[in-house]
Amino acid sequence: MGKSKGLFNCTGPLLCAPSHGLTPLCLAGALRGQIIGGHEAKPHSHPYMAYLKLGLSSCGGFLVAPDWVMTAAHCLEGNITVVLGAHNVYQPEPSQQVRGVLKYYPHPAYNPKTVTNDIMLLKLTAKARLNKYVRTIGLPKSSSDLPTGTSCSIAGWGLIDEDQITSKLFEAEVSIYSRRKCVLFYPHLDDGMVCAGSFHQMKDTSQVRGDSGGPLVCNKVAQGIVSFGHDSPPGVYARIANYLPWIKKVMKK
């Protein structure tokens, strides 16, 4: 069983793809919790971010309505505690709001072996108090694909180096990667996935990874959910636009 590196500890079978005569490309069932080459975010500049406590591990998530958080389906590893309004998750900041989860809604077609349909909604036990520290983020209006090269950002509380843990929110810039080229890395890529990465830097600093379950934000809209990837770009995100009917159905409950 493969394990992701980072503050979270997600398990799942390794997926391997041909690599044209080189060592097979293998990936765990979750994206590494790393933002290598990123930087500390301005405190509370991502007020939609949620820190999900999973026992001794963690995931990222984001607030899409006062009582709904979106994250990755592979983050369902027992009871989750949601922390909103945080910058330093190891400190009891006055801005923080803590909520339990009333009900979990992983996508019914989520497949942990292929990491397809890696999306989940969490119904909170109480609505968040919206203020300058805690806000919702919008979702796509249509199912259209984003153009290759679109500038986006990721954020999370995972590793910022191979062995350096941060308690503060870090962020990094990425861009949408060509689906035609990404399928060479991930042959099982489908319409529910989108690829993004940073390729203008050297390899050692371009391994941009946000906490698993966190948002891929493009033009102030949550377009993806951190899902899985190799040790180098591009990373794969659940493509939120593909799931709009399901999201609306669940949130009406």
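Residues numbered from 1 in each chain as written. Predicted model: local features only at pLDDT ≥ 70, side-chain atom pairs only at ≥ 80, totals over all residues. Heavy atoms only, no water.

Per an unreviewed UniProt entry, the protein goes by the name Peptidase S1 domain-containing protein and belongs to Pavo cristatus.

Enquirer: Explain the overall build of the protein residue by residue, including any values.
Expert: When helices and strands are tallied, the protein shows two helices and 18 strands. Going through the 253 residues of the protein one by one, you find that 57% of them count as buried. For the protein, long-range pairs separated by at least 24 residues make up 69% of all intrachain contacts whose partners lie at least 6 apart in sequence. Of the accessible surface of the protein, which amounts to about 11,300 Å², a share of 54% is contributed by carbon and sulfur atoms. (Helix = DSSP H or I, 4+ residues; strand = E, 2+ residues; numbered from the N terminus. Buried < 20%, exposed > 50% of the residue type's maximum accessible area, 1.4 Å probe, protein only. Contact = heavy atoms within 4.5 Å. Areas by Shrake-Rupley, 256 points an atom, 1.4 Å probe, with all protein chains shown as cover.)

Enquirer: Could you give me a rundown of the state of the cysteines, with the residues and numbers involved?
Expert: Disulfide: a covalent bond connecting the sulfur atoms of a pair of cysteines. Taken as a whole, this structure holds three disulfides when the rule is applied. Residue pairing for C59: its cysteine sulfur links by disulfide to C75, the two sulfurs lying 2.1 Å apart. On the sign convention where negative means left-handed, the S-S torsion of about -85 degrees between C59 and C75 marks this disulfide as left-handed. Here C75 lies in the loop between β8 (68-71) and β9 (81-84) and C59 lies in strand β7 (residues 57-65), a separation of 16 residues in the sequence. By relative accessible area, C59 is classed as buried at 0%. Overall, C75 belongs to the buried group, its relative accessible area being 0%. (Disulfide = S-S within 2.5 Å.)

Enquirer: I'd like a rundown of the side chain of N88, residues and numbers included.
Expert: On the secondary structure map, N88 appears in the loop between β9 and β10 (97-99). Not counting residues within four places of it along the chain, the set of residues in contact with N88 comprises E93, Q96, S167 and K168.

Enquirer: Let's hear about the pattern of salt bridges: which residues, and what values?
Expert: Counting across every chain of the model gives three salt bridges. Note that D145 is salt-bridged to R239, the shortest N-O span being 3.4 Å. A residue pair is termed long-range when its members are at least 10 positions apart, and D145 in the loop between β12 (120-124) and β13 (151-156) and R239 in strand β18 (residues 235-239) qualify at 94 residues. Here D145 falls in the partly exposed class, since its relative accessible area comes to 49%. (Salt bridge = Lys/Arg side-chain N within 4 Å of Asp/Glu carboxyl O.)

Enquirer: Help me get a handle on the pairing of β9, residues and values and all.
Expert: A regular strand places its side chains on the two faces of the sheet in alternate fashion. With four bridges joining them, strand β6 (residues 49-54) and β9 adopt antiparallel strand pairing. Paired with L52 across the strands is V82, a residue of β9. (Pairing = 2+ DSSP bridges.)

Enquirer: Break down unusual backbone geometry for me, citing the residues and quoting the values.
Expert: Even without being a glycine, H44 presents a positive backbone phi close to 65 degrees. Following the sequence through the fold, H44 ends up in the loop between β5 (39-40) and β6. Accessibility expressed as a relative area gives 22% for H44, which makes it partly exposed. One non-glycine residue, V115, lies in the positive phi region at around 55 degrees.

Enquirer: Could you give an account of the sheet that holds β12, naming the residues involved and the relevant values?
Expert: Strands in a sheet are paired, the pairing made by backbone hydrogen bonds, and the direction either parallel or antiparallel. Taken in spatial order, the seven strands make up an open sheet running β10-β9-β6-β7-β8-β12-β11, and their pairing is antiparallel. Unpaired on one side and paired on the other, β10 and β11 (101-106) mark the two borders of the sheet. Averaged over all pairs of adjacent strands, the angle between their axes in this sheet comes to 30 degrees, without regard to strand direction. With respect to the sheet, helix α2 (residues 244-251) is in contact with β7, β8, β11 and β12, its orientation differing from that of β12 by roughly 20 degrees. (Axes fitted to C-alpha atoms, helices over the stretch in contact; angles between N-to-C directions.)

Enquirer: So what's going on with the packing of aromatic side chains? Residues and values would help.
Expert: Under the criterion given, the structure shown has five aromatic pairs. Between W68 and Y105 the ring centres are 5.7 Å apart and the planes differ by 45 degrees, which places this aromatic pair in the tilted class. On the criterion of sequence distance, the pair formed by W68 in strand β8 and Y105 in strand β11 is long-range, its members being 37 residues apart. The same class applies to W68 and to Y105, which are both buried. (Phe/Tyr/Trp six-rings, centres within 6.5 Å; stacked < 30°, edge-to-face > 60°.)

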